[in-house]
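Fold and contact review
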Amino acid sequence: MRKLGAPVALLALALALSALSIHPASASSTHREGSSHATRIQEKDPRHDATSRRAVPRLRVKTIARGLDVPWDVRPIGGGQLLFTQRDSATLTLIDQDADLHHVQFPSNKVWVSGETGLLGLEIDPDFSTNHRIYTCQGWKLPGGHKDIRVIAWRLNADLSAATHPDLLIKGIQTVTGRHGGCRLLIDKAGSMHVGTGDAAVTRNPQSLRSLNGKTLRLDPETGRPWSTNPWRHAKNKKKRYIFTYGHRNVQGLAQRADGTLWSVEHGTYRDDEINLLGRGRNYGWQPGPHYDESPPMTNFALPGKQWPARWRSGNPTIATSGASFVSGRGWGALSGTLAVGCLAGERLMFVKLDDSGHLVRTWAPARLHGDYGRIRGVTTYRGGLLITTSNGGGGHSGVDKILWVHPRR
């Protein structure tokens, strides 16, 4: 195993948050993934409620790794070790118990990197301790200059220095320029794998049941076959068999609540990022106009059939919601049970409280994580807290990103 020379450190615990408050994010004039000309959003401030003020915990922030370039997804693998992907360099990296970084041998030269697509989603098998099996979602180079997006299972070798025995689970997720690559992975409590895909900025994809794009897909992570309870499991069209939900623009987050419900987080156009409660066979209503005209609403109720409304919307403009995970435990106080969501253009970590039926109650955004670390992408549950990846690199800016651990002050 080769130890990286890039700088990495564990810093002293950051100052605890003295309060939670909401600020509009800075306006952005640079065209980037999830960028907008302004990022104001109205959120409820718990300081207006005395009970909430007492119950909302103060948070601590620790830097786990620094000197990174667009770390897209990070996952714990046990024994105090973490694994993460970097989008543009298509590298897979291990953080050991001493917070040292090590390259994991991975066929980066086969990963197709362009724009929002590269080495993206990462998931760890529930039986990793015995089978060393992991899953990645990425762009992939094909003969003749062609490419697609695919999900591949790998086995890490004994010393965790190489990803071996590739097992292709699903292929043929369309990509054109790299825009709207989706690629979030989640293995749910039933053992099925969910794959969030983007529409590849192709008009027909979100509503087409012959396309894997603009969907959440559900499959068996051991065999790659469509999950047995998928709504169109026996369809003649093989792609249709994988579809769990459709009518999405660019799914960036997937999470399962303690009650078993499944949720997606999605990028909007210039408006209306969405958090959706997923359900078997549901249509979430995204259908751009001809030539990929993005002026229609994110959930277009004028389409045939039933469209399911979002449980939370950003309004106008977008804040580019991304990775998400539910938090739980006494230490989280009033935030226990909320959905923690990273925001790129909004440069914040947002906590979303939903009632038992899945309807919005309120949102919070900690001041310390609102702008201080820039664009926030990945959000993963870890040791009673959250692993956060920043996404300020790319476009000529390298080595500026971090992986953070955020947890309630004990």
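Note that the structure is a prediction, hence the values are computed from the model and not measured. (Residues numbered from 1 in each chain as written. Predicted model: local features only at pLDDT ≥ 70, side-chain atom pairs only at ≥ 80, totals over all residues. Heavy atoms only, no water.)

**With respect to the overall build of the protein**
Test applied: A run of DSSP states H or I qualifies as a helix once it reaches four residues; a run of E qualifies as a strand once it reaches two. Both are numbered from the N-terminal end. Buried, partly exposed and exposed residues are distinguished by accessible area as a fraction of the type maximum, computed with a 1.4 Å probe on protein chains only: under 20%, between the cut-offs, and over 50%, respectively. Here, two residues are considered to be in contact whenever any of their heavy atoms come within 4.5 Å of each other.
When helices and strands are tallied, the protein shows two helices and 25 strands. When the 410 residues of the protein are sorted by exposure, 59% land in the buried category. Considering only contacts within the protein whose residues lie at least 6 apart along the sequence, 60% involve residues at least 24 apart.

**Describing the packing of aromatic side chains**
Think of a pair of aromatic rings as described by two things: how far the centres are apart, and how the planes are tilted against each other in angle. Selection criterion: Whether two aromatic rings pair depends on their centres lying within 6.5 Å, for rings of Phe, Tyr and Trp, where Trp uses its six-membered ring; planes under 30 degrees apart make the pair stacked, over 60 edge-to-face, and the rest tilted. Only lysine NZ and arginine CZ atoms are considered, and such an atom sits over a ring when it is within 6 Å of the ring centre and within 35 degrees of the ring normal.
Within the structure shown, the criterion is met by six aromatic pairs. Ring geometry for Trp232 against Tyr246: centres 6.1 Å apart, planes inclined by 70°, an arrangement best described as edge-to-face. Here Trp232, found in the loop between strand S13 (215–219) and strand S14 (243–246), pairs with Tyr246, found in strand S14; they are 14 residues apart in sequence, far enough to count as distant. On the accessibility criterion, Tyr246 (15% relative accessible area) is buried. Taking the centre distance of 6.4 Å and the plane angle of 75° together, the rings of Trp286 and Tyr292 count as edge-to-face. Exposure remark for Trp286: the relative accessible area of 0% places this residue in the buried category. Taking the ring centre of Phe244 as reference, the NZ or CZ of Arg218 above it sits at 5.3 Å. Looking at Arg282, its charged tip hangs above the ring of Trp308, at a distance of 3.6 Å from the centre.

**Here's the deal with the pairing of strand S23 (residues 376–382)**
As a reminder, the rule being used: In short, DSSP must find at least two bridges between two strands for them to pair.
Within S23, six of the seven residues are buried, leaving the element largely enclosed by the surrounding structure. Taken together, the five bridges between S23 and strand S24 (residues 385–390) define a ladder with antiparallel strand orientation. Residue pairing for S24: Thr380 is matched across the bridge by Leu387. Where S23 hands over to S24, the hairpin turn is made up of two residues, of which Arg383 adopts a positive phi near 50°.

**Regarding the confidence of the model for the protein**
How we decide: Looking at any residue, its pLDDT shows the predictor's confidence there, from 0 to 100.
Across the protein, the average pLDDT comes to 89, with 87% of residues at or above 70. Below pLDDT 50 for its whole length, residues 6–31 participates in 72 contacts with residues either more than four positions away or in separate chains. Segment residues 35–53 is flagged for pLDDT under 50; beyond a separation of four residues in sequence, or across chains, it makes 53 contacts in the model.

**A few points about the state of the cysteines**
Where we set the bar: Sulfur atoms of two cysteines make up a disulfide when they are within 2.5 Å.
Within this structure, the stated rule accounts for one disulfide. Here Cys137 connects covalently by a disulfide to Cys183, the sulfurs 2.0 Å from one another. Its S-S torsion of approximately -80° makes the covalent link between Cys137 and Cys183 left-handed. On the criterion of sequence distance, the pair formed by Cys137 in strand S8 (residues 133–141) and Cys183 in the loop between strand S10 (163–173) and strand S11 (184–187) is long-range, its members being 46 residues apart. Judged on exposure class, the residue Cys137 and its partner Cys183 are both buried.

**Let's talk about unusual backbone geometry**
Cis rather than trans, the peptide bond between Asn316 and Pro317 has omega equal to 10°. Mapping Pro317 onto the fold places it in the loop between strand S18 (312–313) and strand S19 (321–326). Positive phi is not limited to glycine here, since Val70 has a value of about 55°. Position of Val70 among the secondary structure elements: in the loop between strand S2 (59–68) and strand S3 (71–78). For Val70, a relative accessible area of 0% translates into the label buried.

**Here we look at the pattern of salt bridges**
Note the threshold: For this analysis, a salt bridge means a side-chain nitrogen from Lys or Arg found within 4 Å of a carboxyl oxygen belonging to Asp or Glu.
The full count for this structure, using the stated rule, is 12 salt bridges. Between Arg75 and Asp73 there is a salt bridge, with its nearest N and O atoms 3.5 Å apart. Residue Arg75 shares its accessibility class with Asp73, and that shared class is buried. In this structure, Glu294 engages Arg179 in a salt bridge whose closest nitrogen and oxygen atoms are separated by 2.8 Å. Remark: Arg179 occurs in the loop between S10 and S11 and Glu294 occurs in the loop between strand S17 (274–277) and S18; sequence separation between them is 115 residues. Glu294 gets classed as buried once you look at its relative accessible area, which sits at 19%. Connected through salt bridges with shared partners, the residues Asp73, Arg75, Glu123 and Arg184 form a single ionic network.

**What to know about the nonpolar core**
Here is the rule we go by: By nonpolar core is meant a set of buried Ala, Val, Leu, Ile, Met, Phe, Trp, Tyr and Cys residues that side-chain atoms within 4.5 Å join together.
Val151, Met193 and Leu217 are the most contacted members of the largest nonpolar core, which totals 22 residues. Not counting chain neighbours up to four residues away, the residues in contact with Val151 comprise Thr136, Cys137, Gln138, Asp167, Leu168, Leu169, Ile170, Leu185, Met193 and Val195. Ala90, Leu119, Leu122 and Ala163 belong to the second-largest nonpolar core, a separate cluster that totals 19 residues.

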